[in-house]
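Below, each chain spelled out in residue letters.
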Amino acid sequence: MNDHSTRIFNYVRQEVTKRYPKCTVTSSAINSKDSKLPALLVQFRFPGEDESTRDSSGVELWTRTVVDAQSFSGTSVFEARNILVAADEALARCGFRRSNWTEVADADPSVRRLAATWRAKLDKSGTVAPW
């Protein structure tokens, strides 16, 4: 399996914090007592292989990669949206295509949350292909 998630995550964090220096960008869930807004949660998933990810001998050449992100704001949907826009632009520069974007209801009415998902296939050198 080809895993470039750390490199991609670091790039997304760098690009988001350029625009929002106070934004916490993380890849792991934060418990409520340690939470600080605004925040961006970025997580990677690697769905199973299929015939399009292997060569003729059955060796995996491409890793299907899904990036899920949620932006949180304690002030406005506009701020949450713009944090996600910064992540979207960074992931697009990495070759990922966004497959959805939605506002998510939160149990706490003072928190605004948006979510998005991106997809791509990466080879072991980090080359990106559409998926």
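The present account deals with the structure reproduced in this document.

Here the focus is the pattern of salt bridges. Using the criterion set out here, one finds 5 salt bridges in the structure. Measuring nitrogen to oxygen at the nearest pair gives 3.1 Å for the salt bridge that ties Arg-93 to Glu-15. In this pair, Arg-93 sits in helix α2 (residues 77-93) while Glu-15 sits in helix α1 (residues 5-19), placing the two residues 78 residues apart along the sequence. A salt bridge links Asp-88 to Arg-98, with the shortest nitrogen-to-oxygen separation between them at 3.1 Å. Residue Asp-88 is found in helix α2, and its partner Arg-98 is found in strand β4 (residues 97-104); the two are separated by 10 residues along the sequence. The network of salt bridges with common partners includes Glu-15, Lys-18 and Arg-93.

Spanning 17 residues, α2 covers 24 Å between terminal C-alpha atoms, matching the ideal 24 Å at 1.5 Å per step. Along α2, the positions that sit buried rather than exposed are Glu-79, Ala-80, Asn-82, Ile-83, Leu-84, Val-85, Ala-86, Ala-87, Asp-88, Ala-90 and Leu-91. Buried residues belonging to α2 abut α1, β2 (39-45), β3 (62-73), β4 and β5 (112-123). The positive-phi residue at the C-terminal boundary of α2 is Gly-95, with phi of around 100°.

In this structure, Val-12, Val-16, Leu-40, Val-42, Phe-96 and Trp-118 are the most contacted members of the largest nonpolar core, which totals 26 residues. At the level of secondary structure, the elements contributing two or more residues to this core comprise α1, β2, β3, α2 and β5. It is α2 that provides the largest number of residues to this core, a total of 7 residues. Sequence-distant contacts of Phe-96, defined by excluding residues within four places in its chain, comprise Ile-8, Thr-65, Val-67, Leu-91, Trp-118, Arg-119, Ala-120, Leu-122 and Val-128.

This next bit is on α1. With 15 residues, α1 should cover 21 Å at 1.5 Å per step; its first-to-last C-alpha distance of 22 Å lies within 8% of that length. Among all positions of α1, only Ser-5, Ile-8, Phe-9, Val-12, Glu-15 and Val-16 are buried. Projected down its long axis, α1 carries its buried residues within an arc of 135°, all on one side. Set apart from the buried face of α1 by more than 90 degrees, the exposed residues are Thr-6 and Lys-18. Turning to α1, the residues buried within the fold contact β1 (24-26), β2, α2 and β5.

This part covers the environment of Ser-35. Considering the arrangement of structural elements, one finds Ser-35 in the loop between β1 and β2. Classification of Ser-35 by relative accessible area gives partly exposed; the value is 43%. Taking the C-alpha atoms as reference points, Ser-35 and Thr-24, 11 residues apart in sequence, are found 8.8 Å from one another.

About the criteria used
Along each chain, numbering runs from 1 in the same order as the chain's sequence is written. Only residues with pLDDT of 70 or above have their local features reported here, since the model is predicted, and side-chain atom pairs are shown and tallied only from 80 upward, although totals for entire chains, interfaces and linings are computed over all residues. Excluding hydrogens and water, the side-chain figures rest on all heavy atoms present in the structure. Only one rule defines a salt bridge in this text: a Lys or Arg side-chain nitrogen within 4 Å of an Asp or Glu carboxyl oxygen. Secondary structure counts use DSSP, requiring at least four H or I residues in a row for a helix and at least two E residues in a row for a strand, with both numbered from the N terminus. Between the first and last residue of a helix there are one fewer steps than residues, each counted as 1.5 Å, and that sum is the expected span. Residue exposure (1.4 Å probe, protein chains only): buried if accessible area is under 20% of the type maximum, exposed if over 50%, otherwise partly exposed. The contact rule is simple, with two residues in contact once any of their heavy atoms fall within 4.5 Å. Side-chain atoms within 4.5 Å link the members of a nonpolar core, which is a set of buried Ala, Val, Leu, Ile, Met, Phe, Trp, Tyr and Cys residues. Arc, as used here, means the arc of the directions from the helix axis to the C-beta atoms.

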